[in-house]
Amino acid sequence: MSVKRSLSKTYSGDLTSKSFISKLRKEPNQLRKKMLLLGYVTSQLEKKKQSIFLVGGQAVETYTAGQFLTGDIDVTTSDSAMTQKVLKSLGFEEIGMIWLNKPLGIAFHIVGHFAPERPRTIRIGPYKARIVGVEELILDRLSAAKFWNIQADYERAKVLYDNFEKQIDKDYLRKIAKKKVDDLLLRITETPSPKLGR
Amino acid sequence: MYVRVKKIGSKRYAYLVEGVSKKGKVRQKTLAYLGPLVKIATGVPDEISRRVDSKVRNVDWNKINMDIRRIPLDFDELQEIKRNMLPRVLIRRQNRSQDIGRGNRPRVEGELAALTIIARRGFNEMFRTLKDGTLVMR
């Protein structure tokens, strides 16, 4: 049985938050666990016509399959009060600006209320989660590298660019970069990519 | 007692206000100025709360901070908050798991290229990309 089919079966039906969490605790893969959780939160919010998007460090971790680890799950949402309510129902507690679920070892950080311009969808079992597009993520990291002088964010941008080069809308990337980070974009596009193979 | 936000020019500022009944109508009375929204969005700093406490009695700062946190921020405000919080972020990042085992050492030649290849392989093992760009987690 494929993982996908098995996940759909495991999480099928309209699960209560309690039964969802008890199933989720058995998931051994940390990234899959986070995506399932995000998918469940997304499904609960979409029932109320609201949205939530994965951004920041967790988005980088997802696109790099865990090579750049992060701490909390940064999200933006159209309704933070409703998102907090869903998180509370899943056993999350508010600690300062972070929502933490101690047994799961997962923390959410609602960073804002804006929607990414070009989000992508992640299908995970029966759920769908939304993630910021690679282009916007690259630009965000380049901004951090340039204006906050964080070298690690330049590396993240470079790895993302190299691994998604064929899928990236380069015109869009150049257009947005022109405002602020065109110099760094030129650097990551002109530095040779490693031979990746398939 | 609650928080009111006023936009002046391109910036938003927060005030502590209360509803006062006057001739059958409820009016807002400004009790204290809290500061630019971006400066207090992560919680009213101690120096401001002390200043306000000296003028206004019985302020429930937990409630006020919760009210402030519920105010939607726009992208520029969020960027400014991030910049303000940068020193704290940098300290936190220095201790983050991503640096475990590497510390602040510069990468050796080929390390980033290897990491790129591992990330690509890991992503392809974990996700399938559909024609419309949707990612399907395996």
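Residues numbered from 1 in each chain as written. Chains lettered and ligands numbered in written order. Predicted model: local features only at pLDDT ≥ 70, side-chain atom pairs only at ≥ 80, totals over all residues. Heavy atoms only, no water.

Caption draft 1: Focus on the pairing of strand S7 (residues 127-131) of chain A. Residue and element names in this part refer to chain A. Here S7 shows a clear split, with Tyr127, Ala129 and Ile131 buried on one side and none of Lys128 and Arg130 buried on the other. The pairing of strand S6 (residues 120-124) with S7 spans 5 bridges and is classified as antiparallel. Residue Arg123 lies in a different strand from S7, and its bridge partner there is Lys128. Two successive antiparallel strands, S6 and S7, enclose a turn made up of 2 residues, where Gly125 displays a positive phi of approximately 55°. (Buried < 20%, exposed > 50% of the residue type's maximum accessible area, 1.4 Å probe, protein only. Helix = DSSP H or I, 4+ residues; strand = E, 2+ residues; numbered from the N terminus. Pairing = 2+ DSSP bridges.)

Caption draft 2: Region of interest: the pattern of salt bridges. Tallied over the full model, the rule gives 12 salt bridges over all chains. Between Arg141 of chain A and Asp153 of chain A there is a salt bridge, with the nearest N and O atoms lying 3.2 Å from each other. Separated by 12 residues along the polypeptide, Arg141 of chain A in helix H6 (residues 134-147) and Asp153 of chain A in helix H7 (residues 151-164) bring together distant segments of the chain. With respect to class, Arg141 of chain A is no different from Asp153 of chain A; both count as buried. A salt bridge links Arg12 of chain B to Glu77 of chain B; the shortest N-O distance between them is 2.9 Å. Within this pair, whereas Arg12 of chain B is found in strand S2 (residues 11-22), its partner Glu77 of chain B is found in helix H4 (residues 75-84), the two being separated by 65 residues in sequence. In this structure Glu77 of chain B comes out as buried when scored by relative accessible area, which is 8%. (Salt bridge = Lys/Arg side-chain N within 4 Å of Asp/Glu carboxyl O.)

Caption draft 3: Structural view of a positive patch on the surface. Residue and element names in this part refer to chain B. A cluster of like positive charges, contributed by Lys22, Lys23, Lys25, Arg27 and Lys29, occupies part of the molecular surface. The biggest single contributor to the positive patch is strand S3 (residues 25-36), with 3 residues. On the secondary structure map, Arg27 appears in strand S3. (Patch = residues over 30% accessible without salt bridge, like charges linked within 9 Å, V, L, I, M, F, W, Y side chains within 5 Å. Areas by Shrake-Rupley, 256 points an atom, 1.4 Å probe, with all protein chains shown as cover. Lys, Arg positive; Asp, Glu negative; His and termini not counted. Charge placed at Lys NZ, Arg CZ, Asp CG, Glu CD.)

Caption draft 4: Looking closely at the packing of aromatic side chains. All names here are of chain A. Across all of its chains, the model carries 12 aromatic pairs over all chains by this definition. On the numbers, 6.0 Å between centres and 85° between planes, the contact of Tyr40 with Tyr127 is edge-to-face. One end of the pair, Tyr40, is in helix H3 (residues 30-46); the other, Tyr127, is in strand S7, with 87 residues separating them in the sequence. Residue classification places Tyr40 among the buried residues on the basis of a relative accessible area of 4%. An aromatic cluster of three or more residues is present, and its members are Tyr11, Phe20, Tyr40 and Tyr127. A cation over an aromatic ring shows up here: Arg118 above the ring of Tyr172, its NZ or CZ 3.9 Å from the ring centre. (Phe/Tyr/Trp six-rings, centres within 6.5 Å; stacked < 30°, edge-to-face > 60°. Lys NZ or Arg CZ within 6 Å of the ring centre and 35° of its normal.)

Caption draft 5: Here's a closer look at the interface of chain A and chain B. In this assembly, 47 residues from chain A lie in contact with 40 residues from chain B. Summed over both partners, the interface of chain A with chain B buries about 4000 Å², with 59% contributed by carbon and sulfur atoms. On the chain A side of the contact with chain B, Met97, Arg123 and Trp148 of chain A bury the most area, a combined 16% of that side's loss. Linking chain A with chain B are 1 salt bridge, by the criterion used here. The closest approach of N and O atoms between Arg69 of chain B and Glu94 of chain A, which form a salt bridge, is 2.4 Å. Where chain A touches chain B, the interface holds 8 residue pairs in polar contact (both at pLDDT 80 or more). Element by element, the count of residues in the side of chain A that touches chain B is highest for H7 of chain A, at 8 residues. When S6 of chain A meets strand S5 (residues 135-137) of chain B, the two strands line up parallel, connected through 2 bridges. By the bridge assignment, Arg123 of chain A is partnered in S5 of chain B with Val136 of chain B. (Contact = heavy atoms within 4.5 Å. Buried area = accessible area lost by both parts, 1.4 Å probe. Polar contact = N/O pair within 3.5 Å; in protein donor to acceptor, adjacent residues only side chain to side chain.)

Caption draft 6: Layout of the packing of H6 of chain A against helix H8 (residues 170-180) of chain A. All names here are of chain A. Where H6 contacts H8, the two axes come as close as 10 Å, and the packing angle between them is 25°. With respect to H8, the element H6 is oriented roughly parallel. Crossing geometry of H6 relative to H8 is assigned as right-handed. Counted together, Glu135, Glu136, Ile138, Leu139, Lys146 and Phe147 of H6 and Tyr172, Leu173, Ile176, Ala177 and Lys180 of H8 form the full contact between these two elements. Here the contact of H6 with H8 is built from residues that sort into 7 nonpolar, no polar and 4 charged. (Axes fitted to C-alpha atoms, helices over the stretch in contact; angles between N-to-C directions. Parallel < 35°, antiparallel > 145°, perpendicular 65-115°, else oblique. Left-handed = near helix turned anticlockwise from the far one by under 90°. Nonpolar A, V, L, I, M, F, W, Y, C, P; charged D, E, K, R; others polar.)

Caption draft 7: Geometry of the sheet that holds S2 of chain B. All names here are of chain B. As summarised here, the arrangement of the 3 strands in space is S1-S2-S3, forming an open sheet in which the pairing is antiparallel. The open sheet has two edge strands with one neighbour each: strand S1 (2-8) and S3. Strand-to-strand, the axes of this sheet are offset by a mean angle of 40°, without reference to chain direction. Bridge analysis of S1 against S2 gives 7 bridges, and the strand direction is antiparallel. By the bridge assignment, Tyr2 is partnered in S2 with Val17. Relative to S3, helix H2 (residues 46-55) is tilted by about 140°, and along the sheet it contacts S2 and S3.

Caption draft 8: Local environment of H7 of chain A. Between its first and last C-alpha atoms H7 of chain A spans 20 Å; for 14 residues at 1.5 Å apiece the expected length is 20 Å, and the two agree. For H7 of chain A, the tally of buried residues reaches 12 of 14 residues, placing the bulk of the element in the interior. (Expected span 1.5 Å × (residues − 1).)

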